[in-house]
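# Geometric and topological summary
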Amino acid sequence: MSTRMVLSVAFVAFVVIGMVVYVLNEGRRADYNILTSTEEYAHLGAELYAANCSQCHGPQGEGAIGPALNRPEWHVGDKNYDETTVQTFIRNVVHRGQYSPQPGIQMPAWSKDYGGPLNDEEIQKIITFITENQWTVPLEYTATPNFVGAFPPNSAQKKMYPSTTQEVLAAKNPAKYGGATPTAEQKAALSADAKADEAAKGPAYQEAQANTEKLRLILGNPDPNKPGEKLDGLKQLIQGKGCLNCHAIGSAGTTLGPSLTEVGSRRDADWLNTWIKNPSLVSGNNRGPNVMPWFKGDNRTDFWPMQPTFMPTIPMTDEERAKIVDYLSNLKTAEVVLPTANK
Ligand code: HEC
Ligand code: HEC
């Protein structure tokens, strides 16, 4: 075959493939046109807003960690609405993110171009939603029972801290008392030994008392005479501080930040206390895993005066922080922590 023939065959193939691709895409273009009605577009934007933005800007754009976005001058039809300025402003901030003058708070970058999760079309949907004033729609999506889920029931945790004299003795001497499958004799021996230890206020009794106190703190019950307050009180505290806007604990909460369900397995009380007090003061080296991915290996932390993190510094009293830290540092899956002297 001559070079010219090869070239003509290649050219014909090129044209034919081009036509086939065009025809195949026709269907997709038609679908796309159906979806681009403004109302539909805004509705899809509302769904994206609920999933990505409502934690910080409020379910109805009323503002929370970030400023209010439901401003009249951003709505099509408002007398001060200037399409080009508004659209460009929102697009730029959402694409690139924005450092905030408030310490420890960031507007994340959302565009894939800047390491974020959204493409241009998705961002345009959100902008259409904001400017079309569709603020009641995200509630349909955010009203899902995010916060209804229970905190981890802590039955596993209770086991971590044997809190009766019997439990302490059994955990310390599995061979003597038969572990998980005791005989009737071993059960009777355990019961008798526990009674004797309690009467003498012996070591197993002391340990059980200490563990009960630990449990009381873990369960967040400020008043041991009101058992009903236990986890509910703690959940109210943590939810009231906004932690569940970004974190999941058990089946409650959301997924913007890392799940805290087992955070006690990777973070100790000291670290948690420092972090929650002011996340932006914890240096990059001491953050470990779970830093938001678009800051991984990002040298900005070397010279940026504050450490970029999306976790805000949330005002609370020392006592409130102590309760949260104690609960979180004990959130781990370990089944049983053996009492100290295991002999
Ligand atoms: C982690 C919290 C957080 C999330 C999530 C978040 N933002 Fe923000 N956003 C902020 C903060 C904080 C600011 C203010 C930054 C500053 O102080 O300049 C801001 C600013 C903005 C602004 C500019 C407002 C202004 O007047 O400067 C827009 C627009 C905006 N966000 C839109 C969005 C959209 C759309 C989403 C979802 C795709 C989103 N944000 C998700 C925290 C967040
Ligand atoms: C605006 C969202 C947001 C809020 C509100 C928030 N956090 Fe965070 N948190 C994050 C993000 C994001 C990270 C991951 C660190 C990073 O990206 O810088 C994080 C990290 C953490 C970590 C470390 C987790 C790990 O895996 O090691 C703990 C613990 C934590 N937060 C606790 C809390 C507590 C307690 C509260 C409430 C007082 C809270 N957070 C409120 C976003 C938030």
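Only a predicted model underlies this, so the values are computations on that prediction, with no experimental measurement involved. (Residues numbered from 1 in each chain as written. Chains lettered and ligands numbered in written order. Predicted model: local features only at pLDDT ≥ 70, side-chain atom pairs only at ≥ 80, totals over all residues.)

## Notes on the overall build of the protein
Put simply, the rule is: Counting from the N terminus, the helices are DSSP H or I runs at least four residues long and the strands are E runs at least two residues long. Each residue is classed by its C-beta neighbour count within 10 Å, where at least 20 other C-beta atoms makes it buried, 12 or fewer makes it exposed, and intermediate counts make it partly exposed; the C-beta atoms are placed from backbone geometry. Residue pairs are scored as contacts if the distance between their C-beta atoms, which are placed from the backbone, is within 7 Å.
Scanning the protein from N- to C-terminus turns up 15 helices and four strands. Within the protein, buried positions represent 26% of all 343 residues. Residue pairs in contact within the protein that sit at least 24 positions apart in sequence constitute 65% of those at least 6 positions apart.

## Notes on the site of ligand 1
What counts here: By definition, a residue lies near a molecule or strand when the C-beta atom built from its backbone is within 6 Å of it.
Not every one of the 21 residues close to ligand 1 is listed here, only the nearest: Cys53, Cys56, Gly66, Ser100 and Met107. Among the elements of the structure, helix 3 (54-57) and helix 4 (83-96) are those that each provide at least two residues to the shell around ligand 1.

## Some points on the environment of Gln206
Within the fold, Gln206 resides in helix 11 (residues 203-218). It is 9.6 Å that separates the C-alpha atoms of Gln206 and Thr164, two residues lying 42 residues apart in sequence.

## What about the packing of helix 8 (residues 165-172) against helix 10 (residues 184-199)?
Quick reminder of the rule: Every axis in this analysis is a line fitted to C-alpha atoms, fitted for helices over the stretch in contact. Angles between the N-to-C directions lie between 0 and 180 degrees. Oblique is the label for any angle not covered by the other classes, which are roughly parallel (under 35 degrees), roughly antiparallel (over 145) and roughly perpendicular (65 to 115). Crossings are classed by handedness, with left-handed meaning an anticlockwise turn of the near helix from the far one by less than a right angle and right-handed meaning a clockwise turn. Each residue is assigned to one class: nonpolar for Ala, Val, Leu, Ile, Met, Phe, Trp, Tyr, Cys and Pro, charged for Asp, Glu, Lys and Arg, and polar for all the others, Gly among them.
Between helix 8 and helix 10, whose axes approach to 9 Å, the crossing angle comes to 120 degrees. Considered as vectors, helix 8 and helix 10 are oriented oblique to each other. Crossing geometry of helix 8 relative to helix 10 is assigned as right-handed. Of the residues in helix 10, those in contact with Thr165, Gln166, Leu169 and Ala170 of helix 8 are Leu190, Ser191, Asp193, Ala194, Asp197 and Glu198. Partitioned by chemical class, the residues of the contact of helix 8 with helix 10 number four nonpolar, three polar and three charged.

## Points about the environment of Gly116
Checked against the element boundaries, Gly116 lands in the loop between strand 2 (106-107) and helix 5 (120-131). According to the C-beta neighbour criterion, Gly116 is partly exposed, with 19 such atoms within 10 Å. As a C-alpha pair, Gly116 and Arg96 span 20 residues in sequence and 8.6 Å in three-dimensional space.

## Notes on helix 8
Across the eight residues of helix 8, six count as buried, placing the element largely inside the fold. For helix 8, every residue scored as buried is listed here: Thr165, Glu167, Val168, Leu169, Ala170 and Ala171.

## So, the nonpolar core
Definition in use: In this usage, the nonpolar core is the set of buried Ala, Val, Leu, Ile, Met, Phe, Trp, Tyr and Cys residues whose C-beta atoms join them within 7 Å.
If you look at the biggest cluster of nonpolar residues, it comprises 18 residues, and the most contacted ones within it are Ala46, Tyr49, Ile123, Ile126, Phe129 and Ile130. Secondary structure elements with two or more residues in this core: helix 2 (38-52), helix 4 and helix 5. With 15 residues, the next largest nonpolar core counts Leu244, Leu272, Ile324 and Leu328 among its residues.

## A few points about helix 15 (residues 318-329)
Rules: Multiplying 1.5 Å by the residue count of a helix minus one yields the expected span of that helix.
Between its first and last C-alpha, helix 15 extends 16 Å over twelve residues, near the 16 Å set by a 1.5 Å rise per residue. Every buried residue belonging to helix 15 is among Lys323, Ile324, Val325, Tyr327 and Leu328, and all of these are buried.

## A few points about the packing of helix 2 against helix 5
Two numbers describe how helix 2 lies on helix 5: the axes approach to 7 Å, and their chain directions differ by 105 degrees. With respect to their mutual orientation, helix 2 and helix 5 come out roughly perpendicular. Where helix 2 abuts helix 5, its residues Thr38, Tyr41, Ala42, Leu44, Gly45, Ala46, Leu48 and Tyr49 lie against Glu122, Lys125, Ile126, Thr128 and Phe129. Of the residues assigned to the contact of helix 2 with helix 5, the class counts are eight nonpolar, three polar and two charged.

## Description of unusual backbone geometry
Even without being glycine, Asn133 reaches a positive phi, approximately 60 degrees. Residue position: Asn133 is located in the loop between helix 5 and helix 6 (138-142). On the basis of neighbour counts, which here come to 16 C-beta atoms within 10 Å, the residue Asn133 falls in the partly exposed class.

## Here's the deal with the environment of Gly250
Within the secondary structure, Gly250 is located in the loop between strand 3 (248-249) and strand 4 (252-253). Residue Gly250 is classed as partly exposed on the basis of its C-beta count, with 17 C-beta atoms lying within 10 Å.

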